[in-house]
Amino acid sequence: MKTFRQIGWLVRKDVALFFRTKDTLVLIVVFSVLVVLIFGLAFGPVFPQEAEDRGKLAASVLWTAFAFAGIILLNRSFDVERASGALHGVRLTGVDPGNLYLSKVVSNLIILAVLEAMITPVALQFLDALDTLTFQTLAKLIGVLIVGAVGFCAVGVTISGISTSTHGKESLLSVILLPLIFPIIMAGAKCTVSLLTAEGLEGNFWISTLVIYGIVFLSSSYLLFEFVIED
């Protein structure tokens, strides 16, 4: 119970601070909408009629927007804790490093889930792909996006913790993080294409890759996070 109390307290703190300032939320929402608009204007106003081509376009737009918005979010993930030695204050309260890691994953996941819920219908409607989806397919798509976000946050929180104490953290985070999340983006995009083209996920290799990749990074980072936050 102590573990859940620690994680719950830290998650509430992170989410409350994030939505209280709102500057990062506005930035990532505007950036994501801008990505959708750029793709839409580049390929529109007449989009591909073939289901496969339209599915590939929609998957590219969604995962590009989420990947770069997630990087912006992770850049600010440890700003509060690193400011004025606040991270040491959190550690002095007796919070386990693994619980701190899980709280960061959960809080970033909540924010990314809110972003995905806002951007996905807009992107699909703008790309003229929403009307062809059934409710069941849309639910599966949301599930794929959430699973991908879990893997993204599992990797990103660790790299953010490493890079946030160095100079040029934004550049360092992007350079290290992008190669590590590429399998997540690739697997997520493939699963999205399969759903948007009505192929389904049954026996899909990419959904297994997405799940396993997230589990491996989540468990290994949980065990090693104590060394990540050491100065």
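You'll find the structure just up there.
Residues numbered from 1 in each chain as written. Predicted model: local features only at pLDDT ≥ 70, side-chain atom pairs only at ≥ 80, totals over all residues. Heavy atoms only, no water.

The next subject is the overall build of the protein chain. A tally of regular secondary structure across the protein chain gives nine helices and zero strands. When its helices and strands are written in sequence order, the protein chain yields α-α-α-α-α-α-α-α-α. In the protein chain, which comprises 231 residues, the share counted as buried stands at 48%. For the protein chain, contacts bridging at least 24 residues in sequence account for 81% of all contacts bridging at least 6. Of the accessible surface of the protein chain, which amounts to about 11,400 Å², a share of 70% is contributed by carbon and sulfur atoms. (Helix = DSSP H or I, 4+ residues; strand = E, 2+ residues; numbered from the N terminus. Buried < 20%, exposed > 50% of the residue type's maximum accessible area, 1.4 Å probe, protein only. Contact = heavy atoms within 4.5 Å. Areas by Shrake-Rupley, 256 points an atom, 1.4 Å probe, with all protein chains shown as cover.)

With that settled, the discussion passes to a nonpolar patch on the surface. A grouping of Val33, Leu37, Leu41 and Phe126 is seen on the molecular surface, where their side chains present a nonpolar patch of about 340 Å² in accessible area. Looking at the nonpolar patch element by element, the count peaks at three residues for helix α2 (residues 23-43). Within the secondary structure, Val33 is located in helix α2. The exposure class assigned to Val33 is partly exposed, which follows from its relative accessible area of 32%. (Patch = residues over 30% accessible without salt bridge, like charges linked within 9 Å, V, L, I, M, F, W, Y side chains within 5 Å. Salt bridge = Lys/Arg side-chain N within 4 Å of Asp/Glu carboxyl O.)

With respect to the element layout, Gly188 can be found in helix α8 (residues 169-196). Of the residues examined, Gly188 reaches a relative accessible area of 0% and is grouped as buried. Sequence spacing of Gly188 and Val211 is 23 residues, and the spatial spacing of their C-alpha atoms is 10.0 Å. Dropping the residues within four chain positions of it, Gly188 is found in contact with Trp63, Val144 and Leu210.

Of all hydrophobic cores here, the largest spans 60 residues; its most connected members are Ile28, Leu115, Leu124, Leu177 and Phe225. Within the residue set of this core, elements represented by two or more residues are α1 (2-21), α2, α3 (51-75), α6 (97-126), α7 (135-163), α8 and α9 (205-228). At 12 residues, the largest contribution of residues to this core is made by α3. Leu124 has contacts with Ala58, Leu62, Ala129, Leu130, Leu133, Leu138, Leu141 and Leu196, leaving out every residue within four places of it along the chain. (Core = buried A, V, L, I, M, F, W, Y, C linked by side-chain atoms within 4.5 Å.)

Another point: the pattern of salt bridges. Tallied over the entire structure, the rule returns two salt bridges. Across the pair Asp14 and Lys13 runs a salt bridge whose closest N-O atoms are separated by 2.9 Å. Each member of the pair Asp14 and Lys13 is classed as buried. With a closest N to O distance of 3.4 Å, Asp14 and Lys104 form a salt bridge. Placement of Asp14 in helix α1 and of Lys104 in helix α6 is noted, with a sequence separation of 90 residues between them. Each member of the pair Asp14 and Lys104 is classed as buried. Residues joined in a network through salt bridges with shared partners are Lys13, Asp14 and Lys104.

The next point concerns the packing of α1 against α2. Contact pair α1 / α2: the axes reach a minimum separation of 5 Å and the direction vectors enclose 75 degrees. Relative to α2, the element α1 lies roughly perpendicular. In this structure, α1 contributes Phe18, Phe19 and Thr21 to the contact, and α2 contributes Asp23, Thr24, Leu25 and Ile28. Residue composition of the contact of α1 with α2, grouped by class: four nonpolar, two polar and one charged. (Axes fitted to C-alpha atoms, helices over the stretch in contact; angles between N-to-C directions. Parallel < 35°, antiparallel > 145°, perpendicular 65-115°, else oblique. Nonpolar A, V, L, I, M, F, W, Y, C, P; charged D, E, K, R; others polar.)

A few words on the side chain of Ser32. Considering the arrangement of structural elements, one finds Ser32 in helix α2. Classification of Ser32 by relative accessible area gives buried; the value is 0%. With residues near it in sequence (within four places) discarded, Ser32 still touches Ala65, Ala69, Leu115 and Ile119.

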